[in-house]
Amino acid sequence: MKKSIIIALDLGTTGNRAIAYSKDGAVLASQYEEFAQHFPQPGWVEHDAEEIWHSTKTVLNGVLDKVGAENVAALGITNQRETTVIWDKNTGKPIHNAIVWQCRRTADRCRALSAHADTIKTKTGLFLDAYFSATKIEWLLDNVAGAQDAAENGELLFGTIDTWILWNLTHKRVHATDVSNASRTMVFNIHSREWDDDLLSLFNVPKAILPEVNATDAHFGDVVAESGIHTTQPIPVQAVIGDQQAALFAQCGFATDQIKNTYGTGLFVMANSGSLPVSTDRLVSTIGWDINHVVNYALEGSVFIGGSLIQWLRDELGIIMSAHESDSLAKSVTSNGGVVVVPALTGLGAPHWDPTARGTILGLTRGSTKAHLARASLESLAYQTRDVIDAIKAAIPQEFTTLKVDGGASENSFLMQFQADLLTMNIQKPAATESTALGAAMIAGMSAGIWSEEKIRATQTLSTTYTPIYNPEMEAHYSRWKRAVERAKNWDI
Ligand code: ADP
């Protein structure tokens, strides 16, 4: 049998998944494993990088055992972005837990560097924020005894999760990343597409620890049996791409009039901006991918609290038993009863960027019920999405008619219809909900020369389309939301 199976490794924030796809894009096997989240202090989030490697091995071996490694043509990696690992090149041991993208430990350091914010935005397309890798690298080198010296002496390596796993899969042979992941580190110049010497010296990061930066569809190296993977022959790694960029590719491909939103823990709205980075002061400009020698940029609005607001209703308030129940509860009332929820539980991300904002519930009356609260919570996901899409529309002169959606909360039909009505755009949800994994598999399959983008797209059927229904009161609702956002801002000062 000719090798034709493509494997995607989706290394997420809560767990790792391996999926094997047939040459027609059908799922042949899939395995998922969660790993532990560590919260050593309020606002701090860490992962054990070795646990991530062990769990990656488990899910990959599980899938290879089912489909046979000898039938696999290529593997693609997609990953949680920005999360920072530094390890010893000789022992292979991380010097500390990985610092996760959500971790706020370097927020004060970012404030202290505010004089450099404009330079950083110009060079990297990013806001000076603890979200990105640069201050996490700096923190590790400063706080782990001897780390700065060891880094200067070339004994340590840095990587985001893609790089860490690639290094392990190739049994320490390959230390590399791709441009989409590099563009999230805040030390990578998105114009020259090189590590930026000025920023490296600003954050005191020695060049010796940095990975080589490849195109997204490069041949990164080979997965080998020595690394503990169940294969008798090398498996080429033909794609590496950050998770949101992978979802954008799966949903929209190369088209530049397309926009997607992932309704996961947070909300990640992304639009292709074509061959040049677009500059705006409200959104992040980032590299989408470099495929077939063509670099594609993207505009991104990251909203910190999305589906996790529904988790909060379930776990902290206890007003629903499951996330799914929020759908029927919201539909059990005909309106939000005047209640507006601003889910600024960890501050506000795009397009407001106010770390001092805090969660706010307005408009409560004696008649307010948990159904109103559930409905207002779901509506807040739609309002936050509109805030970002309006900012994207102001920056990119494109007529966006359809929003492509994925992620856990895109299963919520109340939310999706409300979103369509609020945006007056069609909402399209694909049948293949694992957009992230599919995106990495598509790029790896194309790079290995056995898939074409058109062919895979033809096999992906749309599952649901929501068309907007005119609601004469919608704009009044949206203006009330905007007033509520102003009240949530400037709180924790
Ligand atoms: P991530 O990849 O960020 O872990 P997922 O895409 O798996 O996130 O989505 C999980 C999130 O979606 C959770 O925060 C959960 O509360 C939310 N969610 C899942 N199903 C629903 C639903 N039917 N309605 C609203 N939110 C939901």
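Because the structure is predicted, anything quoted here is derived from the model rather than measured.

Rules used throughout
- Residues numbered from 1 in each chain as written.
- Predicted model: local features only at pLDDT ≥ 70, side-chain atom pairs only at ≥ 80, totals over all residues.
- Heavy atoms only, no water.
- Phe/Tyr/Trp six-rings, centres within 6.5 Å; stacked < 30°, edge-to-face > 60°.
- Helix = DSSP H or I, 4+ residues; strand = E, 2+ residues; numbered from the N terminus.
- Buried < 20%, exposed > 50% of the residue type's maximum accessible area, 1.4 Å probe, protein only.
- Lys NZ or Arg CZ within 6 Å of the ring centre and 35° of its normal.
- Near = heavy atom within 4 Å.
- Polar contact = N/O pair within 3.5 Å; in protein donor to acceptor, adjacent residues only side chain to side chain.
- Areas by Shrake-Rupley, 256 points an atom, 1.4 Å probe, with all protein chains shown as cover.
- Nonpolar A, V, L, I, M, F, W, Y, C, P; charged D, E, K, R; others polar.
- Core = buried A, V, L, I, M, F, W, Y, C linked by side-chain atoms within 4.5 Å.
- Contact = heavy atoms within 4.5 Å.
- Salt bridge = Lys/Arg side-chain N within 4 Å of Asp/Glu carboxyl O.
- Pairing = 2+ DSSP bridges.
- Axes fitted to C-alpha atoms, helices over the stretch in contact; angles between N-to-C directions.
- Disulfide = S-S within 2.5 Å.

*Asks:* For this particular structure, what's the right way to read the packing of aromatic side chains?
*Replies:* To describe a pair of aromatic rings, one takes the distance between the centres and the angle between the planes. Per the stated rule, a full pass over the model turns up 16 aromatic pairs. Taken together, a centroid distance of 6.1 Å and an interplanar angle of 75° make the contact between Phe-304 and Trp-353 edge-to-face. Linking Phe-304 in the loop between strand S18 (294-303) and helix H10 (307-315) with Trp-353 in the loop between strand S19 (340-342) and strand S20 (360-362), this pair joins segments that are 49 residues apart in sequence. Taking the relative accessible area as the measure of exposure, Trp-353 reaches 17% and is therefore buried. Note on Tyr-383 and Trp-481: the rings are 5.2 Å apart at their centroids and 20° apart in plane angle, and the pair reads as stacked. Of this pair, Tyr-383 sits in helix H12 (residues 370-395) while Trp-481 sits in helix H16 (residues 474-488), and the two are 98 residues apart along the sequence. Just as Tyr-383 is buried, Trp-481 falls in that class too. Pairwise contacts between aromatic rings join Trp-101, Phe-127, Tyr-131, Phe-132, Phe-268, Phe-304 and Trp-353 into one cluster. Lying across the ring of Phe-127, Lys-121 places its NZ or CZ 5.2 Å from the centre. Over the ring of Tyr-478 we find Arg-386; its NZ or CZ atom is 4.0 Å from the centre of that ring.

*Asks:* What's the story with the site of the ligand in this structure? I'm lost.
*Replies:* The ligand sits among 14 residues. The nearest are Thr-265, Gly-307, Ser-308, Gly-408 and Asn-412. Gln-311 places a side-chain nitrogen or oxygen 3.5 Å from an oxygen atom of the ligand. Notes on the ligand: free accessible area 580 Å², of which the protein chains cover 71%. No other element matches the 4 residues that H10 contributes to the shell around the ligand. Grouping the constituent residues of the shell around the ligand by class yields 3 nonpolar, 11 polar and no charged.

*Asks:* Can you walk me through helix H13 (residues 413-423) in this structure?
*Replies:* H13 sits mainly inside the fold: 9 of its 11 residues count as buried. Within H13, the full set of buried residues consists of Phe-414, Leu-415, Met-416, Phe-418, Gln-419, Ala-420, Asp-421, Leu-422 and Leu-423. In this structure Asn-412 caps H13, since a side-chain oxygen of it lies 3.2 Å from the backbone nitrogen of Phe-414. Backbone geometry just after H13 places Thr-424 at a positive phi near 45°.

*Asks:* What is the right way to look at the nonpolar core in this model?
*Replies:* When a protein is soluble and globular, its nonpolar side chains tend to lie buried together. Within the largest apolar cluster, 106 residues are counted, with the highest numbers of intra-cluster contacts made by Ile-209, Ile-259, Ile-392 and Leu-403. Counting residues per element, this core draws most heavily on H12, at 12 residues. If sequence neighbours within four positions are ignored, Ile-209 has contacts with Ile-137, Leu-141, Ala-151, Leu-156, Leu-157, Phe-158 and His-175. Counting 39 residues, the second largest nonpolar core, distinct from the first, contains Ile-52, Val-59, Ala-69 and Leu-169.

*Asks:* Quick question: what am I supposed to make of the pattern of salt bridges here?
*Replies:* When the charged atoms of two side chains lie near each other, side chains of opposite charge can form a pair. Summed over all chains, the structure comprises 23 salt bridges. Between Glu-82 and Arg-184 there is a salt bridge, with its nearest N and O atoms 2.8 Å apart. Taken together, the residues Glu-82 in the loop between strand S5 (72-79) and strand S6 (85-88) and Arg-184 in the loop between helix H7 (179-182) and strand S10 (188-189) connect sequence positions 102 residues apart. Considered together, Glu-82 and Arg-184 belong to a single accessibility category, that of buried residues. A salt bridge links Arg-184 to Glu-300, with the shortest nitrogen-to-oxygen separation between them at 3.2 Å. Placement of the pair is Arg-184 in the loop between H7 and S10 and Glu-300 in strand S18, with a sequence separation of 116 residues. Each of the two residues, Arg-184 as well as Glu-300, counts as buried.

*Asks:* Even after reading the chapter, I still don't get the environment of Glu-379, so can you show me in this structure?
*Replies:* Locating Glu-379 in the fold gives a position in helix H12. A relative accessible area of 4% means that Glu-379 is categorised as buried. Distance in space between the C-alpha atoms of Glu-379 and Asn-336 is 8.6 Å, their sequence separation being 43 residues. What Glu-379 contacts, discounting residues up to four positions off in sequence, is Asn-336, Phe-414 and Phe-418.

*Asks:* In this structure, what is going on with the side chain of Thr-262? I would like to understand it.
*Replies:* With respect to the helices, strands and loops of the structure, Thr-262 is situated in strand S15 (residues 259-263). In terms of polar contacts, Thr-262 uses its side chain to reach the side chain of Asp-406, at 2.6 Å. Those residues in contact with Thr-262 that sit more than four places away from it in its chain are Gln-244, Ala-247, Leu-267, Phe-268, Asp-406 and Gly-407.

*Asks:* What should I look at first to understand the environment of Leu-348 in this one?
*Replies:* Here Leu-348 lies in the loop between S19 and S20. For Leu-348, a relative accessible area of 5% gives the class buried. Sequence-wise, Leu-348 and Arg-358 are 10 residues apart; in three dimensions their C-alpha atoms are separated by 7.8 Å. Contacts of Leu-348, omitting those with residues within four sequence positions, involve Phe-304, Val-342, Trp-353, Asp-354, Ala-357, Gln-384, Val-485 and Lys-489.

*Asks:* Could you clarify how one ought to interpret the sheet that holds strand S13 (residues 221-223) in this entry?
*Replies:* Pairing between sheet strands relies on hydrogen bonds along the backbone, with the strands arranged either parallel or antiparallel. The strand order across the open sheet built from 6 strands is S3-S2-S1-S5-S14-S13, with neighbouring strands paired in mixed fashion. Bordering the open sheet on either side are strand S3 (27-34) and S13, each of which pairs with just one other strand. Between one strand axis and the next, the sheet turns by 25° as a mean value, whatever way the strands run. Where strand S1 (residues 5-11) and strand S2 (residues 15-21) come together, 6 bridges link them in antiparallel fashion. Counted as the bridge partner of Ile-7 is Ala-20 from S2. Set on the sheet, helix H6 (residues 161-169) makes contact with S1, S5, S13 and strand S14 (235-242); between it and S5 the angle comes to about 145°. Along the sheet face, helix H9 (residues 243-252) touches S5 and S14 and points at about 95° away from the line of S14.

*Asks:* When you look at the state of the cysteines in this model, what are you seeing that I'm missing?
*Replies:* Enumeration over the complete set of coordinates arrives at 0 disulfides. Lacking any disulfide linkage, Cys-103 is separated from the closest cysteine sulfur, that of Cys-110, by 11 Å. A residue is classified by how much of its surface remains accessible, and Cys-110, at 6% relative accessible area, is buried.

Treat this as a map of the structure, not an account of what it does.
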